[in-house]
Amino acid sequence: MLDEGGLRGSFLVRDLRTGEEIGIDPDDEYTTASLVKIPLAAATLDRVRRGELDGAMRLTVGPGARHSPGPTGTSRFRHPAEIAVDDLLLLTMTVSDNTAGDALFELTPPAMVAAYLDDHGLRGISVRHTLRDLTDSPVQALGGHLAHVLAIEGATAGRGHPVPELDVTRGSSGSARAFVDLLAALWRPSKIDPWVAGRVRELMGDNVLRQRLAPDFTSDLTTWSSKTGTMLNLRHEVGVVEHAGGQVYAVAALTESRVAAVRQPGAEALMAQVARALRDEIRSR
């Protein structure tokens, strides 16, 4: 199904009660785009918890101040604005605001976020650069069809790429398994502080970008909490579906398209169909 739809991907679904899991190439690495905002939020919240940062502290963001191009939030502001750290976290996670995310990265740099993951025993997710580095890449600057063609044709079989941010050895990267491990640490008792984990779960539950996996995991009897990541031909989403009956599944879908098109609703639907099929399979066992 994925091949016919022009996609390849790293998928994993894990039952967080039993640890049973099912996946497709779950250890393949992809550059992660905005998925990096999950560990960024956790590391920043942990600094708030420890008193290193004040959630009420205001930072100036927008044109003429901290500004990173992006399609949503303060990235689209025409004038500078003062926003508290707590609210920057909300914007970063719920509308995937790049300017808000980079304001947080100035407080909690990539190396500090990477150290936070390592300190909490979470391996396989690299955090190597800010969000501005993604939007400032030469391929992104081209925009449209040509940018997608170059992103697709520049990729190597070993996940390398002449554009550093698309190269898994130089850009922020991870696999479906690594992100499911992170989700498990946020939803189950772990080395992550309970208050931090609870706040990240809350932020992921408020995610407003719901065009990808959400349609297949949302109903009156389920809760879907997630974060998306998008860059050129990469479309990702990771999240947790919680059923009214008590079942809880972590889901990760990291994909790369061979189709040089900006808008691909069919690819979004296919990602969800595959992830749902994997969840249904493990749920029926």
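A. Layout of the packing of aromatic side chains. Tallied over the full model, the rule gives 1 aromatic pair. With a centroid separation of 5.0 Å and an interplanar angle of 15 degrees, the aromatic rings of Phe 217 and Trp 224 are classed as stacked.

B. How the structure looks around the side chain of Gln 247. Note that Gln 247 resides in the loop between strand E8 (234–243) and strand E9 (248–257). Separated by 3.1 Å, the side chains of Gln 247 and Arg 283 make a polar contact. Apart from residues no more than four positions distant in its own chain, Gln 247 is found in contact with Arg 17, Val 241, Glu 242 and Arg 283.

C. Main features of unusual backbone geometry. Not every positive phi belongs to a glycine, and Asp 25 is a case in point at roughly 45 degrees. The phi dihedral of Leu 232 is positive, around 50 degrees, even though this residue is not glycine. Looking at the secondary structure, you find Leu 232 in the loop between strand E7 (222–231) and E8. For Leu 232, a relative accessible area of 9% corresponds to the buried category.

D. View of the nonpolar core. Ranked by size, the top nonpolar core spans 55 residues in total, and within it Leu 182 and Ile 192 carry the most contacts. Looking at which element gives the most residues to this core, the answer is helix H8 (residues 176–187), with 10 residues. Residues in contact with Leu 182, not counting those within four places in the same chain, are Ile 38, Pro 39, Leu 117, Leu 122, Ile 125 and Ile 192. Leu 7, Ile 22, Trp 224 and Val 241 belong to the second-largest nonpolar core, a separate cluster that totals 21 residues.

E. Quick peek at the sheet that holds E9. Strand order in the open sheet formed by 5 strands is E2-E1-E9-E8-E7, and the pairing between neighbours is antiparallel. In this open sheet, the two strands that pair with only one neighbour each are strand E2 (21–24) and E7. Pairs of neighbouring strands in the sheet enclose a mean axial angle of 10 degrees, with direction left out of account. Where strand E1 (residues 7–15) meets E9, 9 bridges bridge the pair, whose relative direction is antiparallel. By the bridge assignment for E9, Phe 11 is matched with Ala 253. With respect to the sheet, helix H11 (residues 265–283) is in contact with E1, E2, E8 and E9, its orientation differing from that of E1 by roughly 35 degrees.

F. View of the packing of helix H1 (residues 37–49) against helix H9 (residues 194–205). Packing of H1 against H9 leaves a shortest axis separation of 9 Å and a crossing angle of 135 degrees. By the angle class used here, H1 and H9 are oblique. Handedness of the crossing formed by H1 with H9: right-handed. Residues Ile 38, Ala 41, Ala 42, Leu 45, Asp 46, Val 48 and Arg 49 of H1 touch H9, and the partners they reach there are Trp 195, Val 196, Arg 199, Val 200, Leu 203 and Met 204. In the contact of H1 with H9, the residues fall into 10 nonpolar, no polar and 3 charged.

G. Geometry of helix H4 (residues 110–119). Considered for burial, the residues of H4 that qualify are Pro 110, Val 113, Tyr 116 and Leu 117. Buried residues of H4, seen end-on, are gathered within an arc of 120 degrees and therefore sit on one face of the element. Exposed and oriented more than 90 degrees from the buried face of H4 are Ala 111 and Asp 119. Looking at the buried residues of H4, the elements they touch are H1, helix H3 (98–107), H8 and H9. Just downstream of H4 lies Gly 121, where phi reads positive at about 70 degrees.

H. The pairing of E1, seen in detail. In terms of burial, E1 is a largely internal element, 8 of the 9 residues being buried. Relative to E2, E1 runs antiparallel, the two sharing 4 bridges. Looking across to E2, one finds that Leu 12 is bridged to Gly 23. Taken together, E1 and the strand that follows it, E2, pair antiparallel across an intervening segment of 5 residues, in which Gly 19 is found at a positive phi of about 85 degrees.

I. Main features of the environment of Arg 210. Within the fold, Arg 210 resides in the loop between H9 and helix H10 (214–217). Judged by relative accessible area, Arg 210 falls into the partly exposed class, the value being 30%. Separated by 14 residues in the primary sequence, Arg 210 and Trp 224 place their C-alpha atoms 9.4 Å from one another. Excluding its chain neighbours within four sequence positions, the residues that come into contact with Arg 210 are Gly 205, Pro 215, Thr 218 and Trp 224. In terms of polar contacts, Arg 210 uses its side chain to reach the side chain of Thr 218, at 3.3 Å.

The rules we used
Residues numbered from 1 in each chain as written. Predicted model: local features only at pLDDT ≥ 70, side-chain atom pairs only at ≥ 80, totals over all residues. Heavy atoms only, no water. Phe/Tyr/Trp six-rings, centres within 6.5 Å; stacked < 30°, edge-to-face > 60°. Helix = DSSP H or I, 4+ residues; strand = E, 2+ residues; numbered from the N terminus. Polar contact = N/O pair within 3.5 Å; in protein donor to acceptor, adjacent residues only side chain to side chain. Contact = heavy atoms within 4.5 Å. Buried < 20%, exposed > 50% of the residue type's maximum accessible area, 1.4 Å probe, protein only. Core = buried A, V, L, I, M, F, W, Y, C linked by side-chain atoms within 4.5 Å. Pairing = 2+ DSSP bridges. Axes fitted to C-alpha atoms, helices over the stretch in contact; angles between N-to-C directions. Parallel < 35°, antiparallel > 145°, perpendicular 65-115°, else oblique. Left-handed = near helix turned anticlockwise from the far one by under 90°. Nonpolar A, V, L, I, M, F, W, Y, C, P; charged D, E, K, R; others polar. Arc of directions from axis to C-beta.

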